[in-house]
Amino acid sequence: MTQARPRHDGDVAADPLEGAAVHSHCPYCSMQCGINLVPGQTGPRLEPWPEFPTSRGGLCQKGWTAADLLDHPERLTSPLVRDRRSDPFRPASWDDALERVAAGIRSCQERFGLSSIGVFGGGGLTNEKAYLLGKFARVALRTSQIDYNGRFCMSSAATACQQAFCMDRGLPFPVQDLADADAILLVGSNVAETMPPVMQYFDEQRSRGGRLIVVDPRATPTARGASLHLQATPGTDMALANGLLHVAVKEGLVDLDFIRARTTGFEAVRRTVASYWPDRVERITGVPVDQLVAAARLLGDAGSAIVLTARGAEQHSSGTDTVLAFINLALALGQAGRMHSGYGCLTGQGNGQGGREHGQKADQLPGYRKIVDPAARAHVAGVWGVDPDELPGPGRSAYELLDTLGTDGGVRALFVMGSNIVVSAPRAGHVEERIDALDFLVVADLFLSETAARADVVLPSAQWAEEEGTMTNFEGRVVLRRRALPPPEGVKDDLQILTAVARRVGRGRHFEHDDAQTVFDELRRASAGGVADYNGITYEKITAEDGVFWPCPAPDHPGTPRLFLDAFATDDGRARFSPVEYRAVAEETSDEYPVFLTTGRVMGHYQSGTQTRRVRALRLAQPDVFVEIHPQLADVFGIGEGDMVKLTSARGTAVARARLTRAIRHDTLFMPFHWGGDGRANLLTNPALDPASRMPEIKVCAVRVEPTGTS
Ligand code: SF4
């Protein structure tokens, strides 16, 4: 069992409910599995928290080893500064570092204007940090230029849900409902590897006779365990969804009573899907007609069915419309707004949900309010004690912001918190060049990430067990991470950092927060009356109830585990169909780039790998980057198992070791994106944006592959 670093004060904070154990949550993905930190002789010991209802005692290898990060020898324990980027870093006092940050910001503000300062956040930040980061940008820096890496992750599903339901919450029901669905359609997610504890619900569903259909270009462990695997070509899921609905209409499987009573706009969708004949869909997707028909019947005959999408469906230049196509399918089958049914998005990052609700998105204010809405601006400005006219308008989306770095009229100084852009952004080589063109870069992080290594000032941050804060998991359940030990000497938490910088730039009177709970109480007021209303959620209530589902508008409100049972959140209470026509990926294969590349995660690592690449057990489990290639394709290119290969797209070149497998389509390669250097999958990926969500097409691009001739 993993032992954490001894506390400085030799005393582990006690949980008022459990006596010795401190309840917390895994620092990685959106399942936010429950963890108990139990006092041990040399520091807190990590154990599963069996009673936490989402994970019910489950943890994957990442969760089990999370405490290894607490006393990691590479932790940053002092601010780092340098006068020129070519200089090595040197340790500095907080006073010196913060003064440099303030001076760098002031200098760019004076020369280039307020919106020359950019802020880039992350979907792993607590609600309190995400909220305060948004306020920091708009009130302390008075810039419109803030966005976050969640834009790369789940924004297409968020946009589609807003369009269909006027509310975006990952799952509209507790995760346990999966076990009671007769059929589940899972599109673009390998949960068996990326989120193993959730498999207990899929297993339970199967043991009750339920059926699972998986759509994925790879025969992943999740797909291999399914009743039906539709191995679609990357980027064709929208055609598949329209094809499924075509079959459902043709075979009389749609629920006309539900459509009449609870939706609007079906007729236009019916007309659109009429041309998605199964053989046409087979030509587009590669999914055989008989499998398409079988899937439609399986869903249409189910008493209850759930449709789930994840990054495989969403990270496309047509991601919003693709999700809308699957929402259309769920609505037409009458599988929404009632028990054990509905459309849901499996959010990815630890606070992928909460991180997009409280203001670190370019176009949003807390409570999922729109920054262009005068009433929303007035409400939030009132909570913040500023004039609504002082609040900037919407800024650029994440990739568009990064694309302007160091340019005339663009962002000249960037403040990064909780994101390793150099590894995680699409077209990473270009982003790296733009970062190097900045006048000033400051990064707050636990470790010297690839992005922090390019900064002028690096600020060492506290991490999950060293600070308090709430996260909103993929169910919309707001959970509380308790503090189990103090951060190492010399480290501040992100809330302290934001407050300290705000003071240095002369806006301290708006940032008089004592601790995370004070920030959360302000967040509650700022979110009150918004779509994501947290007003009735308190730390005490979360503790007493093992999490509270938003919306929860008042202290005596029980929270809302299941959405839409009586009405959808639209003005008329009806869900909206949206007709969507399939359009091809932004970059088709060609003679020069003849195969598709798709990217994703592996079991042992998480996101840009800043944390998991530093955990010995995870590094041993998956030490280096690889690329999956079908043996027949490998044969064509003269590639053998274990060969080093070079992948080239229109944007750059990356190197990885070949892994031959029949689990991947003949025309597609798969490469995980957790590594830096020349093993970065994002050196290849395409930043073509979805027109509605501004999400880049990270999931598919065209490449060529060749052996390097080295081993
Ligand atoms: Fe649970 Fe996700 Fe952490 Fe694994 S990474 S333990 S699935 S929260």
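Read on for an overview of the structure. (Residues numbered from 1 in each chain as written. Predicted model: local features only at pLDDT ≥ 70, side-chain atom pairs only at ≥ 80, totals over all residues. Heavy atoms only, no water.)

**Topic: the layout of surface pockets**
The calculated volume of the largest pocket comes to roughly 600 Å³. Gln162, Gln364, Tyr368, Arg369 and Lys370 are, among the 29 residues lining the largest pocket, the residues nearest its centre. Going through the elements one at a time, helix H4 (155-165), strand E15 (369-370) and helix H15 (374-384) are the ones with two or more residues in the lining of the largest pocket. Considering each element in turn, the lining of the largest pocket owes the most residues, three residues, to H4. Within this model, the second largest pocket holds a volume of roughly 420 Å³. Lining the second largest pocket are 20 residues, and of these Asp493, Leu495, Gln496, Asp514 and Asp515 sit closest to its centre. Counting residues per element, the ones that place at least two in the lining of the second largest pocket are helix H19 (494-504) and helix H20 (516-527). (1 Å grid on protein atoms, 1.4 Å probe; cavity = no way out; pocket = protein on both sides within 12 Å on 5 of 7 lines; lining within 4 Å. Points joined across faces, edges and corners; volume = space filled by probe spheres on them. Helix = DSSP H or I, 4+ residues; strand = E, 2+ residues; numbered from the N terminus.)

**Quick notes on the environment of Thr320**
Relative to the assigned elements, Thr320 resides in helix H14 (residues 319-332). Through-space distance from the C-alpha of Thr320 to that of Asp690 is 7.1 Å; in sequence the pair is 370 residues apart. Those residues in contact with Thr320 that sit more than four places away from it in its chain are Ser156, Thr159, Ala160, Asp690, Ala692 and Ser693. (Contact = heavy atoms within 4.5 Å.)

**Quick look at helix H6 (residues 199-207)**
Those residues of H6 that fall on the buried side of the exposure criterion are Met199, Tyr201, Phe202 and Gln205. The buried residues of H6 all sit within an arc of 160° when viewed along its axis, so they share a single face. Looking at the buried positions of H6, the neighbouring elements they touch are strand E8 (183-187), helix H5 (191-194), strand E9 (211-215) and strand E12 (305-309). Downstream of H6 by a residue or two, Gly209 has a phi angle that is positive, lying close to 95°. (Buried < 20%, exposed > 50% of the residue type's maximum accessible area, 1.4 Å probe, protein only. Arc of directions from axis to C-beta.)

**Focus on empty space enclosed by the protein**
The tally for this structure, following the rule as stated, stands at five cavities of 30 Å³ or more. Counted as a void, the second largest cavity has a volume near 100 Å³. Here the residues of the lining of the second largest cavity are counted per class, giving nine nonpolar, four polar and three charged. (Nonpolar A, V, L, I, M, F, W, Y, C, P; charged D, E, K, R; others polar.)

**Quick word on H15**
Within H15, the full set of buried residues consists of Ala376, Arg377, Val380, Ala381 and Trp384. For H15, the angular spread of the buried residues around the axis is 120°, confining them to a single face. More than 90 degrees from the buried face of H15, the exposed residues found are Pro374, Ala375 and Gly382. In this structure, the buried residues of H15 make contact with helix H3 (127-140), strand E14 (364-365), E15 and H20.

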